[in-house]
Amino acid sequence: MHTATLIQDYRLPPERVPQTVVETLARDERDECIRRIKRLLQEQDAALVAHYYTDADLQLLADETGGHVSDSLDMARFGYEADAQTLIVCGVRFMGETAKILNPEKRVLMPDLNADCSLDLGCPADEFGRFCAQYPDHTVVVYANTSAAVKARADWMVTSGSAVDVVKHLVATGEKIIWAPDKYLGEYVQAQAGAEMILWQGSCIVHEEFKGKELAELKRRHPRAKVLVHPESPASVIEQADVVSSTTGIIKAAGELDADTFIVATDKGIFYKMKQAAPDKRFIEAPTAGKGATCKSCGHCPWMAMNSLTKLLATLESGNNEIFVDAAIIERAKAPIKRLLDFAGQRKQLIYGNNDA
Ligand code: SF4
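Caption draft 1: View of the sheet that holds strand S10 (residues 243-244). Spatially, four strands are ordered S10-S9-S11-S12 in an open sheet, and the strand pairing comes out parallel. Taken across any chain shown, the strands that pair with only one partner, and hence form the sheet edges, are S10 and strand S12 (282-285). Here strand S11 (residues 261-265) runs beside S12; their pairing, made up of four bridges, is parallel. Looking across to S12, one finds that Thr261 is bridged to Arg282.

Caption draft 2: Spatial organisation of the environment of Ile238. Examined against the element boundaries, Ile238 turns out to sit in helix H11 (residues 235-238). For the pair formed by Ile238 and Gly212, sequence separation is 26 residues and the distance between their alpha carbons is 8.3 Å. Those residues in contact with Ile238, other than ones at most four positions away along the chain, are Tyr188, Val229, Pro231, Ser233 and Val244.

Caption draft 3: Region of the structure containing the site of the ligand. Among the 14 residues in the neighbourhood of the ligand, the closest are listed as Cys117, Ser118, Cys204, Val206 and Cys301. Here the residues of the shell around the ligand are counted per class, giving ten nonpolar, two polar and two charged. Lining the shell around the ligand are residues from two domains, each supplying at least three of them: domain 1 (27-116 + 304-330) and domain 2 (119-204).

Caption draft 4: The sheet that holds strand S4 (residues 107-109), seen in detail. The sheet built from four strands is open, its strands ordered S2-S1-S3-S4 with parallel pairing. Each edge of the sheet is formed by a strand with only one pairing partner; in this case those strands are strand S2 (68-70) and S4. Strand after strand, the sheet turns through a mean of 20° between neighbouring axes, direction not considered. For strand S1 (residues 46-51) and strand S3 (residues 86-90), the ladder comprises five bridges, and the chain directions are parallel. Bridge pairing in S3 links Leu48 to Ile88. Of the strands in this sheet, S1, S3 and S4 are in contact with helix H4 (residues 93-102), which crosses S3 at around 155°.

Caption draft 5: Representation of the domain arrangement of the chain within the structure. Here the chain is partitioned into domain 1 (27-116 + 304-330), domain 2 (119-204) and domain 3 (207-285). Taking the mean C-alpha position of each, domain 1 and domain 2 sit 28 Å from one another. With ten residues of domain 1 at the contact, the number on the domain 2 side is ten residues. Looking at the side of domain 1 that touches domain 2, the elements with two or more residues in it are helix H3 (72-81) and H4. For the side of domain 1 that touches domain 2, the per-class residue count stands at five nonpolar, two polar and three charged.

Caption draft 6: Structural context of helix H14 (residues 309-318). By the burial criterion, the buried members of H14 are Leu309, Leu312, Thr315 and Leu316. Angular distribution of buried residues about the axis of H14 spans 125°; they occupy a single face of the element. In H14, those exposed residues whose orientation departs by more than 90 degrees from the buried face are Glu317 and Ser318. Positioned one or two residues after H14, Gly319 has a phi angle of 75°, which is positive.

Caption draft 7: The arrangement of unusual backbone geometry in detail. The omega torsion across Ala180 and Pro181 is -5°, close enough to zero to call that bond cis. The backbone of Cys298 shows a phi angle near 50°, a positive value even though the residue is not glycine. For Cys298, the location among the structural elements is in the loop between S12 and H14. On the neighbour-count criterion, Cys298 (15 C-beta atoms within 10 Å) is partly exposed.

Caption draft 8: Focus on the environment of Thr139. By the secondary structure assignment, Thr139 is in strand S5 (residues 138-143). Along the backbone, Thr139 and Gln346 are 207 residues apart, and their C-alpha atoms lie at a distance of 20 Å. Discounting chain neighbours no more than four positions away, the residues touching Thr139 are Asp155, Trp156, Leu170, Glu175, Lys176 and Ile177.

Caption draft 9: Representation of the packing of helix H1 (residues 27-43) against H14 within the structure. Contact geometry of H1 with H14 gives a least axis separation of 10 Å together with a crossing angle of 35°. Seen along the crossing, H1 lies across H14 with a hand that is left-handed. Contact with H1, carried on its side by Arg30, Cys33, Ile34, Arg36, Ile37, Leu40 and Leu41, involves Leu309, Thr310, Leu312, Leu313, Leu316 and Glu317 of H14 and no other residues of that element. Class assignment of the residues belonging to the contact of H1 with H14 gives a composition of nine nonpolar, one polar and three charged.

Caption draft 10: Quick peek at the nonpolar core. Judged by nonpolar contacts, the single largest core of 105 residues is most densely connected at Leu48, Val49, Val89, Val141, Ile178, Trp179 and Leu228. Dropping the residues within four chain positions of it, Val89 is found in contact with Val49, Met75, Met95, Gly96, Ala99, Val108 and Met110.

Conventions used here
- Residue numbers restart at each chain and count upward from 1, following the sequence in its written direction.
- pLDDT decides what is reported in this predicted model: residues at 70 or higher carry local features, side-chain atom pairs at 80 or more are listed and counted, and totals for whole chains, interfaces and linings draw on all residues regardless.
- When DSSP finds two or more bridges between two strands, those strands count as paired.
- Strands here mean DSSP runs of E at least two residues long; helices mean DSSP runs of H or I at least four residues long; both are numbered from the N terminus.
- This entry defines residue contacts through backbone-placed C-beta atoms, with two residues in contact when those atoms are within 7 Å.
- A residue counts as near a molecule or strand when its C-beta atom, positioned from the backbone, falls within 6 Å of it.
- Each residue gets one label: Ala, Val, Leu, Ile, Met, Phe, Trp, Tyr, Cys and Pro are nonpolar, Asp, Glu, Lys and Arg are charged, and the others, such as Gly, are polar.
- The domain limits used here are those given by an automatic or database domain assignment.
- Each axis is a line fitted through C-alpha atoms, taken for helices only over the stretch in contact, and angles between the N-to-C directions span 0 to 180 degrees.
- With C-beta atoms placed from the backbone, a residue is buried if 20 or more other C-beta atoms are within 10 Å of its own, exposed if 12 or fewer are, and partly exposed between those counts.
- Each direction from the helix axis to a C-beta atom contributes to the arc, which is the arc of those directions.
- Should the near helix be turned anticlockwise from the far one by less than a right angle, the crossing is termed left-handed; should it be turned clockwise, right-handed.
- Here, a nonpolar core means buried Ala, Val, Leu, Ile, Met, Phe, Trp, Tyr and Cys residues linked by C-beta atoms lying within 7 Å of one another.

As structure tokens, then:
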């Protein structure tokens, strides 16, 4: 039986969540946009890195131009290894910041600097700092989905693919732990690692909308379907999963599991890569509707959707939307990230490409 010290609820109120707006272009407009983006990427020696949740056209462009499609840490890792001096990050702000922290000498641009994340917004650095100060003997573990300033206050940064192993290690060495910001992922990690942590009460507004009761009903209608769930989802959804995993793990499971139909509880942008991994299989969105539901994102992150072809083109044309992180913050934020990488290296774990944000 695990207990958590309850603190203030940092779930983002609905009025702070933008509506998900997906850009739709006429065919010739889209093709022209893609043609100009490809030319500018080449002329500017820029590499395009896109998250799995972004628009399929952006993922296609990253694939076709020698860029990369992945999760946040792997996006930053790619940026580090790429020769390109400019990185265009299609994702949300903390991903641009992580890319900058690991590649401070490179120019990092994003199509829209308003592309945020409810976990990041729900964990303001100053309030988090005051909170941590109340528990000076605790080790501070933060998820990748946090600002550079919050990472700078942490001892460890973890990803969804590495969190359980890191927390097990900390439990074995007798550490007391503060976890932030996602309460659902924190509860899942507690249960898996046999830990007791003080949980910051943030949540992802996309995964929080998946509904356990309606998922059970959908499973009854598709009895042979396997259920793939991201651990930012509520416990009532996680407990019905065949596989609980990071975005990369979910894509891998779609290709490897012996099933022809999958119910998927994560942002539907991931279907682009899942269909590449398993072109003959069928993917069904986990339900966000149902009794009492007030689905706003409805399975697609409003901030991820701010990344569009026209904004990407405008960024390349103008050079605007650069990510800057204070040098002192970069120095401090590097330490918890490096701790994770060293930990993974010692255990010969594949951290890059096996995690998420
Ligand atoms: S899907 Fe959730 S965790 Fe991911 S960027 Fe959007 S709000 Fe943040």
